[in-house]
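Fold and contact review
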Amino acid sequence: MSVQIFKLFSIFFPLILSPLLFGVINKTKAFFAGRKGMSVLQPYYDIFKLIQKENIYSQTTSSIFKISPVIGLICVYMALFIMPFAGIPAIFSFKGDFILLAYLFGLSRFFTVVAALDTGSSFEGMGASREVTFSAITESVFFLSLIALILITKEYSLSGISPYSSEKHFSIILPVMLLVSVAIFLISLAENSRIPVDDPNTHLELTMIHEVMILDYSSADLAVIQYLSSIKMWIFFSIIANILLPHTFYVSLTNIFYFFIIIFSLAVLTGIIESSIARLRMLKVPQFIIGAACLSLIAVILAFK
Amino acid sequence: MKGEKLLHKLTDKFDINFGDIPKRDNDDFREAVVASLKNKSRIGAFFGHLLANNNVDIIAILIPENKNHIEIIRTEICNSYHAITHDIPSAHLFEREIAEQWGIFPEAHPWLKPIRFHKSYRDSHNFFYDPDKTEILPSFTDFFRVEGEEIHEVAVGPVHAGIIEPGHFRFQCYGENVFHLEISLGYQHRGIEKALAGGPDKRSMHLIETAAGDTTIGHTTTYCKIIESLSNINISPKADAVRCIALELERLANHTGDLGALAADVGFLPTASYCGRLRGDLLNLTAYICGNRFGRGIVRPGGVAFDIDELTALNLSNRLLTIFKDLKNAINLMLDTASVMARFEETGKLSKNMAETLGLVGVAARACGIDTDIRKQFPTKIQTKFPFNNPPVCKTGDVYARAYQRWFEIQESMEFISKLLKEQFDGKLIEENWELQPNRLALSLVEGWRGQICHVAITDNNGKFACYKIVDPSFHNWTGLAIALRNQQISDFPLCNKSFNLSYCGHDL
């Protein structure tokens, strides 16, 4: 019975803590740039500030533009219901729930893209075309990574595919676990529009991918978009944390502690990456994602052994 | 060659009685200008001057490469002449400017459009617009279009997502590839040249200081040199030294800012934020001398308004040394990072040949391997004593070359300033009494941080400006940016744009 209640953690914590990830990334970047940087709570202030502002819609847009952020938010909310939390299984788990996860993100992306096209701006059209091109590749990497996990665990749901439950030899489990984690981390950089794929801080409309699609949003809509992208990042990081942590099926404080450590270390790592390398040339982005695909392919080959 | 004899050469002092400028007929003028420009010279200025009979004198000022003279020639035109753009592509914006300002038709000009979107300055001669039209809006004109099913057009600006000046960019794209870019400016046109006519008066100095805000010292120095040569004063070594230091400080601050901005454009944060801070520190050095970060008020006709005494010089050198140490780390960090180099190299490439054809000046030209620098070609007395004689270091003409050339020039300027600060120069700070000679033409050249700044002034019977012409280096270089973008990724545009970092208001005036 107690586990049932603790399952709600998987929804409760991301809702409260996910904007903190952006705060941690920004603080890390500030540290490397030799700046004091904004408070880690700044993303919360931003969301609060945006909610109070007046909504302005472009006259060329239709209702699709207005509903798109809400649909995106619903999609990531629903995704939280199938995400395990620190070894505690998800509220709902069933065979192939990872496919639902991928396509919940897909649906959210579809509406972002359609809303971008709805504005009729040529920049947003370009951003949409880039987003769709790159996400078509990242999606396959995501599936490839999970296939590797399925192969070693013979389980088909996100709550079950912990490498620790595998019966294979440790010398296979460990490399698969690490390769898959790295691959998912790399695609999470692409999916969450971070450097080296996209630059969340740029104001240059011609080079942006994700940011350009939301140029026309203001106030509460923009707050919703920022909030949902932080939850999305949380989900990606928690997939990695769930791979690296043993699934306990009961509430373990150590496990929860390590879970948070992993998620926030990944945020710090993202910040370090953003501080130490430049953005890739747009042409090279597919090569970057294919690099991640190679890692997961190796994991799949190993898992077959 | 026949053409050469038609031109008048100015050697030591760049001023001349207006009547002494050789006046040729249109064909001879054309032949002489084309011959000189084909024979490795570049345009200093090419502009119209209204005569009493409502005709226009076209005056060409040409700067031969690596020689210490300037060529000048003029011709009188009423309605039209045969454009030289076909033979000399670098004249293309100049001829458009003449057509717009004076309602003169340059026949067979391949791309005749307004550039600043204003009415003609000459009564009853309007080329682009109906004189009764009350409002002329910038960029309301035809643009080059590429036709095709998969071609799409991207229009950027005049309102941009960042805090930059207004300009309109039209890309003809094939997917992410740019086939053609056309740049349309004119949003910042304030009519500075027209407002300067009738001067010099109390406002003239301020108009010049704001011609291009980031090149305040460059433009004011050029203007003051004109006043000095028109009134026959020589400035003291002390004033010359202060001007040279201020000019190099301006170069340091802007080059540092540009390198930081290049880093920011590729998302390389450490260098971006360090250079942002250091640019501020360098601007503060200018403020330390004159109280204004952009150097307003320091250069004045007849000399300078602020002295650099021994204590100031000592403080300046110490602060420069600290800044240079940090700057060296920040820039080397960027240049040693492979991911940054992957973005810089082979992006926005211009060949030396193309750069010469387009008549590029300044950093952009030097990055292509063209050895053009007014500080070398026409040095002031101080610049002769402490010469800038290094050839350009890069030849590739890509973003990397423009970045590295800037870093190289930063080191050069640092060395120059620290040498100057160790010396003491004597002489009067400023000569305040001056009067312009009537009916003369004077021109002056200064190597601003972007490149060659050229001003030309013609005085009337009363010793007032009848005509004042400003040619900012940006005016030469904007076409270079458009051509550099060909066959590039559209997402690399901001990076290329930043590597040129041209002035919008310097172009629009």
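Here goes a summary of the coordinates provided. Keep in mind it's a predicted model, so treat the numbers as computed, not measured.

The helix and strand inventory of chain A stands at 11 helices and 0 strands. Counting from the amino terminus, helix and strand elements in chain A follow one another as α-α-α-α-α-α-α-α-α-α-α. A globule of 305 residues ought to have a C-alpha radius of gyration of about 19 Å, and chain A, at 19 Å, matches this closely. Principal-axis analysis of the C-alpha atoms gives chain A an extent of 60 × 45 × 45 Å. Relative to its 305 residues, chain A shows a buried fraction of 58%. Here chain A has roughly 12700 Å² of accessible surface; of this, 72% comes from carbon and sulfur atoms.

A few words on the sheet that holds strand β16 (residues 465-471) of chain B. Residues and elements named next belong to chain B. One open sheet holds the 4 strands; their spatial order is β2-β14-β15-β16, and the pairing between them is antiparallel. Looking at which strands have only one partner, the edges of the open sheet turn out to be β2 (15-17) and β16. The average angle at which neighbouring strand axes cross in this sheet is 10°, direction not considered. By the bridge criterion, 6 bridges tie strand β15 (residues 452-459) to β16 in an arrangement that is antiparallel. Residue pairing for β16: Thr-459 is matched across the bridge by Phe-465.

Glycine aside, residues mostly have negative phi, and peptide bonds are mostly found in the trans state. Cis geometry is found at the peptide bond from Ile-195 of chain A to Pro-196 of chain A, where omega equals 10°. Its place among the elements puts Pro-196 of chain A in the loop between α7 (170-191) and α8 (210-213). Despite not being glycine, Ser-219 of chain A shows a phi value in the positive range, around 45°. The buried category is assigned to Ser-219 of chain A, whose relative accessible area is 3%. For Phe-117 of chain B, which is not a glycine, the phi torsion comes out positive at approximately 60°. With respect to the element layout, Phe-117 of chain B can be found in the loop between β8 (105-107) and β9 (151-156).

A separate point is the pairing of strand β4 (residues 41-50) of chain B. Residues and elements named next belong to chain B. For β4, a buried count of 9 out of 10 residues is recorded, marking the element as mostly surrounded by other parts of the structure. Pairing analysis gives 9 bridges linking β4 to strand β5 (residues 56-64), with the strands arranged antiparallel. Bridge pairing in β5 places Phe-47 opposite Ile-59. Connecting the antiparallel pair β4 and β5 is a turn made up of 5 residues, with Asn-54 showing a positive phi of about 65°.

Our next topic: the packing of helix α6 (residues 122-153) of chain A against α7 of chain A. All names here are of chain A. For the pair α6 and α7, the least separation of the axes is 10 Å and the interaxial angle reads 160°. Compared by their axis directions, α6 and α7 come out roughly antiparallel. In this structure, α6 meets α7 at a crossing whose hand is left-handed. On α7, the residues that touch Ser-135, Thr-138, Val-141, Phe-142, Ser-145, Ala-148, Leu-149 and Ile-152 of α6 are Ile-172, Val-176, Val-180, Ala-183, Ile-184, Ile-187, Ala-190 and Glu-191.

Looking now at the packing of helix α5 (residues 97-118) of chain A against helix α9 (residues 219-244) of chain A. In a pair of packed helices, the angle between the axes and the distance between the axes together describe the arrangement. Residue and element names in this part refer to chain A. Remark: α5 packs on α9, axes separated minimally by 13 Å, with the N-to-C direction vectors making an angle of 160°. Comparing their axes, α9 and α5 come out roughly antiparallel. As for how α5 packs across α9, the hand of that crossing is left-handed. Contact with α5, carried on its side by Leu-101, Phe-105 and Arg-109, involves Lys-232, Ile-235, Phe-236 and Ile-239 of α9 and no other residues of that element. The residue inventory of the contact of α5 with α9, partitioned by class, reads 5 nonpolar, no polar and 2 charged.

Residue and element names in this part refer to chain B. The buried fraction of helix α3 (residues 92-102) amounts to 11 of the 11 residues, a majority that puts the element mostly inside the structure. Among all positions in α3, only His-92, Leu-93, Phe-94, Glu-95, Arg-96, Glu-97, Ile-98, Ala-99, Glu-100, Gln-101 and Trp-102 are buried. Two residues or fewer past α3, Gly-103 is found with a positive phi of approximately 65°.

If you look at the biggest cluster of nonpolar residues, it comprises 111 residues, and the most contacted ones within it are Phe-171 and Phe-344 of chain B. Counting 88 residues, the second-largest nonpolar core is a separate cluster that includes Ile-184, Ala-190, Ile-239 and Ile-289 of chain A.

Size of an interface, as often reported, equals the accessible area lost when the parts are brought together. With 26 residues of chain A at the interface, the matching set in chain B holds 34 residues. If you sort the residues of chain A by the area they bury against chain B, Leu-206, Ala-278 and Arg-281 of chain A come out on top, with a joint share of 27%. The interface formed by chain A and chain B includes 2 salt bridges. The residue Arg-281 of chain A makes a salt bridge to Asp-492 of chain B at a minimum N-O spacing of 3.9 Å. Along the contact surface separating chain A from chain B lie 8 residue pairs in polar contact (both at pLDDT 80 or more). With 4 residues, the single largest contributor to the side of chain A that touches chain B is α6 of chain A.

All right, on to the sheet that holds strand β10 (residues 168-174) of chain B then. In sheet architecture, strand pairing relies on hydrogen bonds along the backbone and comes in two forms, parallel and antiparallel. Residues and elements named next belong to chain B. Strand order in the open sheet formed by 3 strands is β9-β10-β11, with antiparallel pairing between adjacent strands. Of all the strands in the sheet, the pair left with one neighbour each is β9 and β11 (177-184). Along the sheet, successive strands turn relative to each other by an average axial angle of 20°, direction set aside. In the sheet, β10 pairs with β11 via 7 bridges, with the strands oriented antiparallel. Residue pairing across strands places His-168 opposite Ser-184, the latter belonging to β11. Packing of helix α16 (residues 473-484) onto the sheet brings it into contact with β10 and β11, and relative to β11 it is tilted by some 160°.

Here is what the cut-offs are and how they apply
- Residues numbered from 1 in each chain as written.
- Chains lettered and ligands numbered in written order.
- Predicted model: local features only at pLDDT ≥ 70, side-chain atom pairs only at ≥ 80, totals over all residues.
- Heavy atoms only, no water.
- Helix = DSSP H or I, 4+ residues; strand = E, 2+ residues; numbered from the N terminus.
- Rg over C-alpha atoms; globule rule 2.2 N^0.38 Å.
- Buried < 20%, exposed > 50% of the residue type's maximum accessible area, 1.4 Å probe, protein only.
- Areas by Shrake-Rupley, 256 points an atom, 1.4 Å probe, with all protein chains shown as cover.
- Pairing = 2+ DSSP bridges.
- Axes fitted to C-alpha atoms, helices over the stretch in contact; angles between N-to-C directions.
- Parallel < 35°, antiparallel > 145°, perpendicular 65-115°, else oblique.
- Left-handed = near helix turned anticlockwise from the far one by under 90°.
- Contact = heavy atoms within 4.5 Å.
- Nonpolar A, V, L, I, M, F, W, Y, C, P; charged D, E, K, R; others polar.
- Core = buried A, V, L, I, M, F, W, Y, C linked by side-chain atoms within 4.5 Å.
- Buried area = accessible area lost by both parts, 1.4 Å probe.
- Salt bridge = Lys/Arg side-chain N within 4 Å of Asp/Glu carboxyl O.
- Polar contact = N/O pair within 3.5 Å; in protein donor to acceptor, adjacent residues only side chain to side chain.

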